[in-house]
Amino acid sequence: MDLRYGMNPHLDARVVSGAHDGPAKVCHGEPSYINLLDALSGWQLVRDASIAMGKAVAASFKHVSPAGAAAVGPLDATACESWGIDSTAGPLVSAYLRARDADPKSSFGDMIAVSEPVDAELADLLSRVVADGIIAPGFDTGTVGVLARKKRGTFLVLEADPAFQQPEWERRDVFGLVVEQQRDRTPVIADLLAPAKVAPDKVIDALLGLVTMRYTQSNSVAVVKDGMTLGIGAGQQNRVDCVRLAASKVRTWWLRRHDVVRSLPHVTDMSRQERLNWQIRLADTDMTAAQLTEFARLFPGVTSRLTESARSDWVGQLDHLTLVSDGFLPFRDNIDHASRIGVRHVVEPGGSSRSDEVATACAEYGITLTRTGLRLFHH
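Below is a short write-up of the structure. (Residues numbered from 1 in each chain as written. Predicted model: local features only at pLDDT ≥ 70, side-chain atom pairs only at ≥ 80, totals over all residues. Heavy atoms only, no water.)

Quick look at the packing of aromatic side chains
Then, number 1: Going through the model one piece at a time under the given rule, you end up with 5 aromatic pairs.
Then, number 2: Judged by centre distance (6.1 Å) and plane angle (25°), the ring pair of Trp253 and Trp254 falls under stacked.
Then, number 3: A relative accessible area of 8% means that Trp253 is categorised as buried.
Then, number 4: Look at Trp254 and Trp314: their rings are 4.8 Å apart centre to centre, the planes differ by 15°, and that puts the pair in the stacked class. Pair noted here: Trp254 is in helix α8 (residues 239-255) and Trp314 is in helix α12 (residues 308-315), with a separation of 60 residues, a long-range link. Pair check on accessibility: Trp254 and Trp314 agree, each one buried.
Then, number 5: Between the NZ or CZ atom of Arg281 and the centre of the ring of Trp278, over which it lies, the distance is 4.4 Å.
Then, number 6: Taking NZ or CZ as reference, Arg375 lies 3.9 Å from the ring centre of Phe377, over its face. (Phe/Tyr/Trp six-rings, centres within 6.5 Å; stacked < 30°, edge-to-face > 60°. Buried < 20%, exposed > 50% of the residue type's maximum accessible area, 1.4 Å probe, protein only. Helix = DSSP H or I, 4+ residues; strand = E, 2+ residues; numbered from the N terminus. Lys NZ or Arg CZ within 6 Å of the ring centre and 35° of its normal.)

Listed below in structure tokens is the structure:
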């Protein structure tokens, strides 16, 4: 099967096997190479997380890593305001919006993955957000038609086959060298967290974080709370940068819930995403000179910065977050940074030569440390 293009538009690409008996079929649209990479990783993430957690799960994928992942759950007032819905949203809508709201700037134009068949409510929501495509294990009557009208008819709709059995070995061709490795079939289950005393609600967060790490470009960490990722730090060459990146995203997510940011006035003819982008800039307090000028024009009389004191006081209210790492934490500075955003539970493989220092730092901050013995690198 020919693909729309490869990793870049000037490259041809094709599927050489599995187009008719593989893990997914095309219901509408023409996938690109990256579309398929995002869709297939996203499907595996939501499938595995749903099995581990016993709940419907959604993920928002961009450039072969999740921008967010979440299980079905309540939507807070900020998420409802941001996406123009009420708190009575159904399970799939709630799961997807909880995933997308984690990092909506990155999720713009995402590949969506959901663990359950798409219903009419989710299809209606997706008709009003900017996304490239979706993969799901089925579609209720009429929903493919609704989705097929997106993006002037180019929206990609893929149906995953839940019964598909992956090969025992996976293969990659790099610079003329073909390498193989066994597929990692180690199940992500609560037993990985034993014998640590992890509260039942934090077990759910730990499981979501572990599955998310399995399908995130390494090095990576995820910060999770109430069954949703609040910040993912992916693809960094050192782990403390992963932690700092994830923590930055968590702060932005939380500062979007501050009254100053939430109350940003609505501007006539400004799209939902554009207003959301301005709220993110206000939460980040790192606007360029040009953006400050544009902010003043769009929102006359509105403060363009939260004071450092207001930011610190607000972020200080974060608590009981779980940090999950795909590899061992090599130094205590990872814990120092995590503690500043209210992380109270850390899940990592263990095995660092400075594991004792990491454990000591956790004890100092009152952080529960769980070592799974399972590394989850993904490249």
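Back to the write-up after that little detour.
Let's talk about the environment of Phe139
Then, number 1: Relative to the elements of secondary structure, Phe139 occurs in the loop between β5 (131-136) and α6 (143-148).
Then, number 2: By relative accessible area, Phe139 is classed as buried at 17%.

A few points about the packing of α8 against α12
Then, number 1: As a packed pair, α8 and α12 sit with axes 10 Å apart at the nearest point and diverge in direction by 100°. The angle between α8 and α12 falls in the class roughly perpendicular. Of the residues in α12, those in contact with Arg251, Trp254 and Leu255 of α8 are Arg311, Trp314 and Val315.
Then, number 2: Split by residue class, the contact of α8 with α12 holds 4 nonpolar, no polar and 2 charged. (Axes fitted to C-alpha atoms, helices over the stretch in contact; angles between N-to-C directions. Parallel < 35°, antiparallel > 145°, perpendicular 65-115°, else oblique. Contact = heavy atoms within 4.5 Å. Nonpolar A, V, L, I, M, F, W, Y, C, P; charged D, E, K, R; others polar.)

A closer look at the packing of helix α1 (residues 33-53) against helix α7 (residues 200-214)
Two numbers describe a pair of packed helices, the interaxial angle and the distance between the axes.
Then, number 1: At a minimum axis distance of 9 Å, the contact between α1 and α7 shows a crossing angle of 155°. Here α1 is positioned roughly antiparallel relative to α7, judged by the angle of their axes. In this structure, α1 crosses over α7, and the sense of that crossing is right-handed. For the pair formed by α1 and α7, the contact residues are Leu45, Asp48, Ala49, Ala52 and Met53 on the first element and Ile204, Leu207, Leu208, Val211 and Thr212 on the second.
Then, number 2: Of the residues assigned to the contact of α1 with α7, the class counts are 8 nonpolar, 1 polar and 1 charged. (Left-handed = near helix turned anticlockwise from the far one by under 90°.)

Comments concerning the nonpolar core
Then, number 1: If you look at the biggest cluster of nonpolar residues, it comprises 40 residues, and the most contacted ones within it are Trp278, Leu321, Ile335 and Ile341.
Then, number 2: The leading source of residues in this core is α8, at 8 residues.
Then, number 3: Look past the residues within four positions of Leu321 in its chain and what remains in contact with it is Val223, Val224, Lys225, Leu230, Val250, Ile341, Gly342, Val343, Arg344 and His345.
Then, number 4: Residues Ala39, Ala49, Leu156 and Leu374 belong to the second largest nonpolar core, which totals 39 residues. (Core = buried A, V, L, I, M, F, W, Y, C linked by side-chain atoms within 4.5 Å.)

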